[in-house]
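Structure assessment
These are the residues of each chain, in order.
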Amino acid sequence: MYSREEARKLKEKFWTSYGQYMNPIPSDEGGKANWLNYKTGIKHLYFRLDADNKTAAIYIEISHPDAGIRQLLFEQFLEYKNLLHAELEEEWIWHPLYHDAHGKATARIMYTLDKKVSVFKPEDWPVLISFFKPRMLALDRFWSSAKYGFDIFK
């Protein structure tokens, strides 16, 4: 068991390592991308990576405070569902209403790693990076094509 500070440092070290690993990879449009804090250009729309002591997940999070706008954003993603899944080469889980760990209502489109891994075990980091990297790159390719369909939400 790790102390809170040890756990924080290990997580920080993992995310720093992942960021350094991904740093030289350009975005689909050829520019520099922040792979840890991906900029969609749409307020309240995020591509998120998460890892804890049991598993890992990647997701598109729609966190707009207005439920109606959140639903419209989610429906816009539904219009692009075939394109998204074609780019990802896998089916993700769609949650039109999802409550995060703090009880905040969001919408999520997500994929979870189907094996037990821990961000606190450096020996699991290659598995985590191998899980996150291709999906983040696929999300970037998807977004470079689909983002113009979301301009109304800017």
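Residues numbered from 1 in each chain as written. Predicted model: local features only at pLDDT ≥ 70, side-chain atom pairs only at ≥ 80, totals over all residues. Heavy atoms only, no water.

**Structural notes on the packing of aromatic side chains**
Convention followed: Any two rings among Phe, Tyr and Trp, with Trp reduced to its six-membered ring, count as a pair given centres within 6.5 Å; such a pair is stacked if its planes are under 30 degrees apart, edge-to-face if over 60, and tilted if neither. The rule for a charge over a ring is simple: NZ of Lys or CZ of Arg within 6 Å of the ring centre, and within 35 degrees of the ring normal.
Scanning the model with the defined rule gives 21 aromatic pairs in all. An aromatic cluster is present here, built from Trp35, Tyr38, Phe47, Phe77, Tyr80, Phe142, Trp143, Phe150 and Phe153 joined pairwise through their rings. The ring of Tyr46 carries Arg48 above its face, with NZ or CZ at 4.1 Å from the centroid. Between Arg108 and the ring centre of Tyr59, over which it is positioned, the NZ or CZ distance is 3.8 Å.

**Examining the sheet that holds strand S2 (residues 56-62)**
Stated formally: By this definition, two strands are paired if DSSP reports at least two bridges between them. A run of H or I in DSSP counts as a helix once it spans at least four residues, and a run of E counts as a strand once it spans at least two, with each numbered from the N terminus. The axes used here are C-alpha line fits, helices contributing only the stretch in contact, and every angle between their N-to-C directions lies in the interval 0 to 180 degrees. Contacts: residue pairs with any heavy atoms within 4.5 Å of one another.
As summarised here, the arrangement of the 4 strands in space is S1-S2-S4-S3, forming an open sheet in which the pairing is antiparallel. Looking at the sheet topology across the chains shown, the edges are occupied by strand S1 (45-51) and strand S3 (93-99). In this sheet, neighbouring strand axes are inclined to one another by 30° on average, regardless of whether the strands run parallel or antiparallel. The strands touched by helix H2 (residues 67-79) are S1, S2, S3 and strand S4 (105-112); relative to S4, the strand with the most contacts, the crossing angle is about 30°.

**Points about the pairing of S3**
Both S3 and S4 contribute to a ladder of 5 bridges, which runs antiparallel. Counterpart to His95 in the pairing with S4 is Arg108. What sits between S3 and S4 in their antiparallel hairpin is a turn of 5 residues, with Gly103 showing a positive phi close to 85°.

**Considering the pattern of salt bridges**
Keep this limit in mind: What counts as a salt bridge is simple: a side-chain nitrogen of Lys or Arg found within 4 Å of a carboxyl oxygen of Asp or Glu. Whether a residue is buried, partly exposed or exposed follows from its accessible area with a 1.4 Å probe, protein chains only, as a fraction of its type maximum: under 20%, in between, or over 50%, in that order.
According to the stated counting rule, one finds 9 salt bridges in the structure shown. For Glu5, the salt bridge goes to Lys9, with nearest N and O atoms at 3.9 Å. Taken together, the positions of Glu5 and Lys9, both in helix H1 (residues 4-22) and 4 residues apart, correspond to about one turn of that helix. The residue Arg135 makes a salt bridge to Glu90 at a minimum N-O spacing of 2.7 Å. With a gap of 45 residues between them, Arg135 in helix H4 (residues 125-146) and Glu90 in the loop between helix H3 (81-88) and S3 connect regions that are remote in the sequence. Using a relative accessible area of 15% as the deciding quantity, one classes Arg135 as buried. Sharing partners across several salt bridges, the network here consists of Glu5, Arg8, Lys9 and Glu12.

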